[in-house]
Amino acid sequence: MSTALIGAPLNAAQLYLDGVCRSFDGFKAINGLSLAVAKGELRAVIGPNGAGKTTMMDIITGKTRPDEGKVIWNGDTDLTKIDEAGVARLGIGRKFQKPTVFETHSVEDNIRLALKAPRGVFPVLFDRRSAEENRRVTEYLDRIRLTHLRAETAANLSHGQKQWLEIGMLLAQEPQLLLVDEPAAGMTDAETMETAELLKSIAGERTVIVVEHDMDFVRALNCRVTVLHQGSVLAEGSLDHVSARDDVIEVYLGR
Amino acid sequence: MTRLIDLRLGLFLAALFAVTVLAPLATTLPSTSALNLPSYLIPLMGKYLCYALLAVALDLCWGYAGILSLGHGAFFALGGYAMGMHLMREIGARGVYANPELPDFMVFLGWTELPWFWYGFDMFWFAAVMALLVPGLLAFVFGWFAFRSRVSGVYLSIITQALTFALLLAFFRNDMGFGGNNGLTDFRDVLGFSLSAPSTRIALFVLTAVALAGCMLLARAITISKAGKVLVAVRDAESRTRFLGYRVESYSVFVFTVSAMMAGLAGALYVPQVGIINPGEFAPANSIEIVVWVALGGRGTLVGAAIGALVVVALKSWLTATFPDLWLFALGGLFILVTLALPNGLLGLLDRLKPRQAKPAAEVPA
Ligand SMILES: Nc1ncnc2c1ncn2[C@@H]1O[C@H](COP(=O)(O)OP(=O)(O)OP(=O)(O)O)[C@@H](O)[C@H]1O
Ligand SMILES: [Mg+2]
């Protein structure tokens with residue numbers, strides 16, 4: 001068994017969710033969720049619709065505040081006290097479930113806005129485009145294979161291309177942790193496998209948490225899998241391990 | 001890299017320059033000449049340019065950052081009051097009550113001392129600074145609270161409307177010390193030059209044209225900068241922008257404040273040319289009218305906003321003179337027409353007639 005399949009000891013975890021709860025109008029979307037992810041790990045999160053996967057990402061990134069519990073980053077920072085921009089600045093990037101890019105901006109500007117750089121109003125106001133910056137933009141565009149659409153308005157991209165662009169924006173931020181919500185939706189089979197390869201190549205250097213329903217994709221990731229159900233962890237382990245469990249089959253895979 | 005002065009802005013500035021040079025010249029022609037421009041029309045044209053500047057200010061925050069302020073009339077009026085207070089002090093002992101310190105309305109109210117907030121307004125530079133600072137500070141504080149609490153969209157529009165309404169009520173009160181419902185008027189001169197002298201009128205008109213051109217260039221520089229792209233990003237996908245690490249509220253407060261200061265400048269230039277500032281300028285309907293100008297001209301274009309203001313105000317002058325009862329219906333009809341038929345305004349229409357000449361910068365539906 002490869003090391004990637006061994007769970008992170010809590011003290012070494014880069015991200016550690018500890019007993020997180022969150023309800024919406026009395027409905028417990030996240031219910032005592034605990035989860036540890038090691039630095040450089042690639043982790044897949046699966047679970048039925050409404051299991052709380054997106055809500056978990058909302059809580060990690062500061063969009064949603066938990067009612068209870070902590071989210072510890074690098075052993076010392078509680079992310080639940082920080083706003084979205086602050087979390088992003090700590091090096092946590094996110095791709096939304098529904099691809100979200102800046103529709104009226106060009107593909108190039110989308111990447112440019114995402115590039116790791118100072119984010120304050122005045123440095124950004126007086127920012128001058130440099131050759132170095134152009135080079136970095138080109139590098140990411142090459143990586144997501146949208147170089148030929150550099151000047152195209154993002155609104156004119158196909159659904160799959162928007163997914164790629166958003167992944168490119170995520171890479172351009174150079175985050176330490178990437179939270180990727182259903183990246184393969186709207187992609188062809190070939191693109192799906194490419195995405196899996198891309199995420200695998202990023203992991204190691206960076207930590208990646210992927211939510212996905214596509215089991216071929218999850219299998220291709222070949223990583224530790226966490227099954228969420230009704231807002232807490234139902235099972236964790238290799239894909240073969242979790243998919244052999246009766247409870248997982250009943251709530252998710254068997255349907 | 002996007003050019004600071006593109007074709008549209010270049011044409012507009014050239015036209016503005018031509019009018020600014022030719023109109024004053026035309027007033028010097030003999031009155032028998034067909035090209036003679038009566039001198040009283042100069043302040044009227046100056047007033048129109050103030051409205052154009054006000055429209056550009058609103059477009060900067062609505063068109064680009066998506067902040068639909070229904071209170072920009074308040075920033076304009078505050079700038080106007082700051083300048084009006086200076087002009088009141090300049091009257092000095094030439095007022096009806098010949099009090100060198102107190103404006104007439106204070107003497108009339110039986111006041112014996114100048115209120116503290118009138119201190120300093122005897123100096124022109126102080127009033128000029130206040131005309132920018134007061135609207136800017138109000139926008140900063142108001143924006144800081146509103147944007148930090150994530151108030152946006154229609155809720156923000158409603159509270160900006162409430163802001164201008166509250167100021168309207170406050171300025172109507174005599175004991176506020178701003179002349180009550182009569183406002184400030186009967187101005188004599190500015191910096192020692194008589195306000196009724198043709199040369200002063202021309203100077204104010206030229207100054208207004210320069211301010212309009214300068215603010216359009218400034219607004220354009222902001223919108224084509226990376227920060228301008230962040231503003232559009234906030235408008236189009238606010239949470240995406242936050243998750244990239246941008247503090248959306250800082251950007252919103254910044255652009256709202258700059259925009260309010262431009263509105264204040266417009267108001268400060270307006271008052272000496274119109275000769276009066278009263279609480280009516282705070283009327284909620286005024287702020288809504290600014291939105292119609294921008295929508296008609298084309299939001300997110302700057303040039304369109306200025307043109308929209310000029311077109312609607314000209315139409316208003318003509319209609320209120322010819323069919324006084326029709327104006328409000330015309331304004332409402334115009335708004336409906338623009339919303340339904342011209343989502344990108346007059347400039348959007350031009351772009352459609354002459355496609356692919358210049359890439360539409362940032363126009364999107366709300
Ligand atoms: N802001 C909110 N207000 C009310 N209910 C919410 C909110 N966010 C999430 N929920 C509810 O919480 C539950 C979990 O939703 P979540 O989006 O996290 O599920 P998910 O696991 O991502 O599902 P899917 O696979 O369909 O994306 C759902 O029942 C959802 O309706
Ligand atoms: Mg989801």
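Remember, it's a predicted structure, so these values are computed and weren't measured experimentally. (Residues numbered from 1 in each chain as written. Chains lettered and ligands numbered in written order. Predicted model: local features only at pLDDT ≥ 70, side-chain atom pairs only at ≥ 80, totals over all residues. Heavy atoms only, no water.)

**Quick notes on the overall build of chain B**
Right, on to step 1. Tallying secondary structure elements over chain B gives 14 helices and four strands in all.
Right, on to step 2. The C-alpha radius of gyration of chain B comes to 21 Å, within 12% of the 21 Å expected for a compact globule of 366 residues.
Right, on to step 3. By its C-alpha atoms, chain B is 60 × 55 × 40 Å across when sized along the principal axes.
Right, on to step 4. Relative to its full complement of 366 residues, chain B shows a buried share of 54%.
Right, on to step 5. Pairs at least 24 apart in sequence give 77% of the contacts found in chain B among residues at least 6 apart.
Right, on to step 6. Roughly 15900 Å² of accessible area belongs to chain B as shown, and the carbon and sulfur atoms make up 71% of that amount.
Right, on to step 7. Separation of charge centres in chain B, based on 23 positive and 18 negative side chains, amounts to 14 Å. (Helix = DSSP H or I, 4+ residues; strand = E, 2+ residues; numbered from the N terminus. Rg over C-alpha atoms; globule rule 2.2 N^0.38 Å. Buried < 20%, exposed > 50% of the residue type's maximum accessible area, 1.4 Å probe, protein only. Contact = heavy atoms within 4.5 Å. Areas by Shrake-Rupley, 256 points an atom, 1.4 Å probe, with all protein chains shown as cover. Lys, Arg positive; Asp, Glu negative; His and termini not counted. Charge placed at Lys NZ, Arg CZ, Asp CG, Glu CD.)

**Thoughts on the overall build of chain A**
Right, on to step 1. Helices and strands together make up the secondary structure of chain A, namely 10 helices and 10 strands.
Right, on to step 2. Since a compact globule built from 255 residues should have a radius of gyration of about 18 Å, the 18 Å found for chain A is in line with a globular shape.
Right, on to step 3. Summarising its shape, the C-alpha atoms of chain A cover approximately 55 × 40 × 40 Å along the three principal directions.
Right, on to step 4. With 255 residues in all, chain A has 56% of them scored as buried.
Right, on to step 5. Here chain A displays about 10700 Å² of accessible surface, and carbon together with sulfur accounts for 50% of that area.

**Some thoughts on empty space enclosed by the protein**
Residues and elements named next belong to chain B.
Right, on to step 1. Counted according to the given criterion, the structure contains two cavities of 30 Å³ or more.
Right, on to step 2. Here the largest cavity is characterised by a volume of approximately 70 Å³.
Right, on to step 3. In this structure, the largest cavity is lined by 10 residues; those nearest its centre are D6, R220, T301, L302 and V303.
Right, on to step 4. A breakdown of the residues in the lining of the largest cavity according to their chemical character gives five nonpolar, two polar and three charged.
Right, on to step 5. Its boundaries defined by the atoms lining it, the second largest cavity holds a volume of some 40 Å³.
Right, on to step 6. Along its surface, the second largest cavity is lined by M88, R89, G92, N99, P100, E101, L102 and P103.
Right, on to step 7. Taken together, the residues of the lining of the second largest cavity sort by class into four nonpolar, two polar and two charged. (1 Å grid on protein atoms, 1.4 Å probe; cavity = no way out; pocket = protein on both sides within 12 Å on 5 of 7 lines; lining within 4 Å. Points joined across faces, edges and corners; volume = space filled by probe spheres on them. Nonpolar A, V, L, I, M, F, W, Y, C, P; charged D, E, K, R; others polar.)

**Quick notes on the interface of chain B and chain A**
Many analyses report the size of an interface as the accessible area lost when the parts associate.
Right, on to step 1. Counting from both sides, the interface comprises 28 residues of chain B and, opposite them, 36 residues of chain A.
Right, on to step 2. Between chain B and chain A, roughly 2900 Å² of surface is buried when both sides are summed, and carbon and sulfur atoms account for 62% of that area.
Right, on to step 3. When the buried area of chain B at its contact with chain A is split by residue, B:K226, B:R240 and B:F243 rank highest and sum to 29% of it.
Right, on to step 4. There are four salt bridges connecting chain B and chain A.
Right, on to step 5. For A:D109, the salt bridge is made with B:K229, and the minimal N-O distance between the two is 3.3 Å. (Buried area = accessible area lost by both parts, 1.4 Å probe. Salt bridge = Lys/Arg side-chain N within 4 Å of Asp/Glu carboxyl O.)

**Digging into the coordination of the magnesium ion (ligand 2)**
All names here are of chain A.
Right, on to step 1. Protein coordination of the magnesium ion (ligand 2) is provided by T54 (OG1) and Q97 (OE1), with donor distances spanning 1.9 to 2.2 Å. In this pair, T54 is assigned in helix 1 (residues 53–60) and Q97 in the loop between strand 6 (92–95) and helix 3 (107–114), connecting sequence segments 43 residues apart.
Right, on to step 2. Here T54 falls in the partly exposed class, since its relative accessible area comes to 25%.
Right, on to step 3. Judged by its relative accessible area of 36%, Q97 falls in the partly exposed class. (Donors = N, O, S within 2.8 Å, 3.2 Å for Na, K, Ca; no water.)

**A look at the sheet that holds strand 10 (residues 232–237) of chain A**
Residues and elements named next belong to chain A.
Right, on to step 1. Taken in spatial order, the six strands line up as 6-7-8-3-9-10 in an open sheet, and their pairing is mixed. Each end of this open sheet is capped by a strand with a single partner; those strands are strand 6 and strand 10. Taking each pair of neighbouring strands and ignoring which way they run, the sheet shows an average axis angle of 20°.
Right, on to step 2. Taken together, the four bridges between strand 6 and strand 7 (residues 177–181) define a ladder with parallel strand orientation. Directly across from G93, in strand 7, lies its bridge partner L178.
Right, on to step 3. Packing of helix 6 (residues 159–172) onto the sheet brings it into contact with strand 6 and strand 7, and relative to strand 6 it is tilted by some 180°.
Right, on to step 4. Contacts from helix 7 (residues 189–202) reach strand 3 (42–46), strand 7 and strand 8 (207–211), with the element oriented near 150° to strand 8. (Pairing = 2+ DSSP bridges. Axes fitted to C-alpha atoms, helices over the stretch in contact; angles between N-to-C directions.)

**What to know about the confidence of the model for chain A**
Right, on to step 1. Overall, the predicted model of chain A reaches an average pLDDT of 91, with 95% of residues at or above 70.
Right, on to step 2. Note on residues 1–8 of chain A: pLDDT is under 50 here. Beyond four places in sequence and across chains, it has 12 contacts. (pLDDT = per-residue confidence, 0-100.)

**Remarks on the packing of helix 7 (residues 198–224) of chain B against helix 10 (residues 248–274) of chain B**
Residue and element names in this part refer to chain B.
Right, on to step 1. Two numbers describe how helix 7 lies on helix 10: the axes approach to 10 Å, and their chain directions differ by 170°. In terms of orientation, helix 7 lies roughly antiparallel with respect to helix 10. Seen from helix 7, the contacting residues are L204, F205, L207, T208, A211, C215, L218, A219 and I222; seen from helix 10, they are F254, V258, M262, L265, L269, P272 and Q273.
Right, on to step 2. Of the residues that constitute the contact of helix 7 with helix 10, the class distribution is 14 nonpolar, two polar and no charged. (Parallel < 35°, antiparallel > 145°, perpendicular 65-115°, else oblique.)

**So, the environment of B:T164**
Residue and element names in this part refer to chain B.
Right, on to step 1. Here T164 is to be found in helix 6 (residues 153–172).
Right, on to step 2. With relative accessibility at 0%, the residue T164 sits in the buried group.
Right, on to step 3. Taking the C-alpha atoms as reference points, T164 and S287, separated by 123 residues in sequence, lie 8.3 Å from one another.
Right, on to step 4. Sequence-distant contacts of T164, that is, excluding residues within four places in its chain, are made with L70, G71, G73, A74, F282, P284 and S287.
Right, on to step 5. Polar contacts involving the side chain of T164 include one to the main-chain carbonyl oxygen of F282, which spans 2.8 Å. (Polar contact = N/O pair within 3.5 Å; in protein donor to acceptor, adjacent residues only side chain to side chain.)

**Some details on the site of ligand 1**
All names here are of chain A.
Right, on to step 1. Neighbouring ligand 1 are 14 residues; N49, K53, T54, T55 and H213 lie closest to it.
Right, on to step 2. Here an oxygen atom of ligand 1 sits 2.7 Å away from a polar atom, N or O, in the side chain of T54.
Right, on to step 3. Between ligand 1 and T55 there is a distance of 2.5 Å, counted from an oxygen atom to a side-chain nitrogen or oxygen.
Right, on to step 4. For ligand 1, whose accessible area on its own is 640 Å², the fraction buried by protein is 63%.
Right, on to step 5. Counting only elements with at least two residues in the shell around ligand 1, the list comes to strand 2 (27–38) and helix 1.
Right, on to step 6. The biggest single contributor to the shell around ligand 1 is helix 1, with three residues.
Right, on to step 7. Looking at the shell around ligand 1 residue by residue, the class counts come to five nonpolar, seven polar and two charged. (Near = heavy atom within 4 Å.)

**A short note on the packing of aromatic side chains**
Residue and element names in this part refer to chain B.
Right, on to step 1. Counted according to the given criterion, the structure contains 22 aromatic pairs over all chains.
Right, on to step 2. Consider the rings of F75 and F256, whose centres lie 5.7 Å apart with planes at 85°: the pair is edge-to-face. On the criterion of sequence distance, the pair formed by F75 in helix 3 (residues 72–91) and F256 in helix 10 is long-range, its members being 181 residues apart. Comparing F75 with F256 shows no difference in burial state: the two are buried.
Right, on to step 3. Taking 5.8 Å as the distance between ring centres and 90° as the angle between the ring planes, the aromatic pair formed by F147 and F256 counts as edge-to-face. Of this pair, F147 sits in helix 5 (residues 124–148) while F256 sits in helix 10; the two residues are 109 residues apart in sequence, bridging distant segments of the chain.
Right, on to step 4. Overall, the relative accessible area of 8% leaves F147 in the buried class.
Right, on to step 5. Looking at F256, the relative accessible area reads 1%, which means it is buried.
Right, on to step 6. Each residue in the set Y81, W116, F117, F171, F178 and F282 is aromatic and connected to the rest through ring pairs, giving one cluster. (Phe/Tyr/Trp six-rings, centres within 6.5 Å; stacked < 30°, edge-to-face > 60°.)

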